[in-house]
Amino acid sequence: MYLSEADIVQGYEDGTFRPNNNVTRAEFCKFVLNACFLMNFEAYDEEYEPFVDVDPEDWYYDYICFLHYFDLIDGVSGDTFRPNDPIKRQDMAVILYRFYLSQGPMYVNVLLSF
């Protein structure tokens, strides 16, 4: 199964996927939640704004706020997330580890099976 068929990745608005681009911090947040089919945005305060560079109008706002609300991600500094920066491998590992601890191995196994 391809990631696009599973709705884990949808590509860019122009219909391209750009596989040679770096994955951004925001994109990885979306991958994690989509891969584990966890997108219940009713679970956190909708006025939650932990980062000055993540605006409610941004496509990634819900993904980042959801993960931050449940202590699965941190910013790069106190109130900055830098959503469009490339994500580092160690940051991906930390997010997956925290997700594993919070949700159990079932969801991480789903994510890693792709």
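Note that the structure is predicted; figures quoted are calculated from it, not measured.

A. Representation of the overall build of the protein chain. Helix and strand content of the protein chain: four helices and zero strands. Across the protein chain, helices and strands are ordered from the amino to the carboxyl terminus as α-α-α-α. Considering only residue pairs separated by 6 or more positions, the protein chain has 62% of its internal contacts joining residues 24 or more positions apart. As displayed, the protein chain has an accessible area near 7300 Å², and 49% of this comes from carbon and sulfur atoms.

B. Just the pattern of salt bridges, in detail. Applying the stated criterion across every chain, the model contains three salt bridges. The partner of arginine 18 in a salt bridge is aspartate 14, and the shortest N-O contact between them spans 2.9 Å. Assessed through its relative accessible area of 35%, arginine 18 is described here as partly exposed. A salt bridge links aspartate 91 to arginine 25; its shortest N-O distance comes to 3.5 Å. One end of the pair, aspartate 91, is in helix α3 (residues 89-103); the other, arginine 25, is in helix α1 (residues 25-35), with 66 residues separating them in the sequence. You can call aspartate 91 partly exposed: its relative accessible area is 26%.

C. Just the nonpolar core, in detail. If you look at the biggest cluster of nonpolar residues, it comprises 22 residues, and the most contacted ones within it are Cys29, Val54, Ile64, Leu67, Ile73 and Phe81. Sorting the residues of this core by element identifies α1, α2 (61-69) and α3 as the ones contributing at least two each. With six residues, the single largest contributor to this core is α2.

D. Fine view of the packing of α1 against α2. In the contact formed by α1 and α2, the axes pass within 9 Å of each other and the chain directions differ by 70 degrees. With respect to α2, the axis of α1 lies roughly perpendicular. Contacts between α1 and α2 involve Ala26, Cys29, Lys30, Leu33 and Asn34 on the former and, on the latter, Tyr63, Ile64, Phe66 and Leu67. Tallied by class, residues from the contact of α1 with α2 come to seven nonpolar, one polar and one charged.

Definitions and cut-offs
Residues numbered from 1 in each chain as written. Predicted model: local features only at pLDDT ≥ 70, side-chain atom pairs only at ≥ 80, totals over all residues. Heavy atoms only, no water. Helix = DSSP H or I, 4+ residues; strand = E, 2+ residues; numbered from the N terminus. Contact = heavy atoms within 4.5 Å. Areas by Shrake-Rupley, 256 points an atom, 1.4 Å probe, with all protein chains shown as cover. Salt bridge = Lys/Arg side-chain N within 4 Å of Asp/Glu carboxyl O. Buried < 20%, exposed > 50% of the residue type's maximum accessible area, 1.4 Å probe, protein only. Core = buried A, V, L, I, M, F, W, Y, C linked by side-chain atoms within 4.5 Å. Axes fitted to C-alpha atoms, helices over the stretch in contact; angles between N-to-C directions. Parallel < 35°, antiparallel > 145°, perpendicular 65-115°, else oblique. Nonpolar A, V, L, I, M, F, W, Y, C, P; charged D, E, K, R; others polar.

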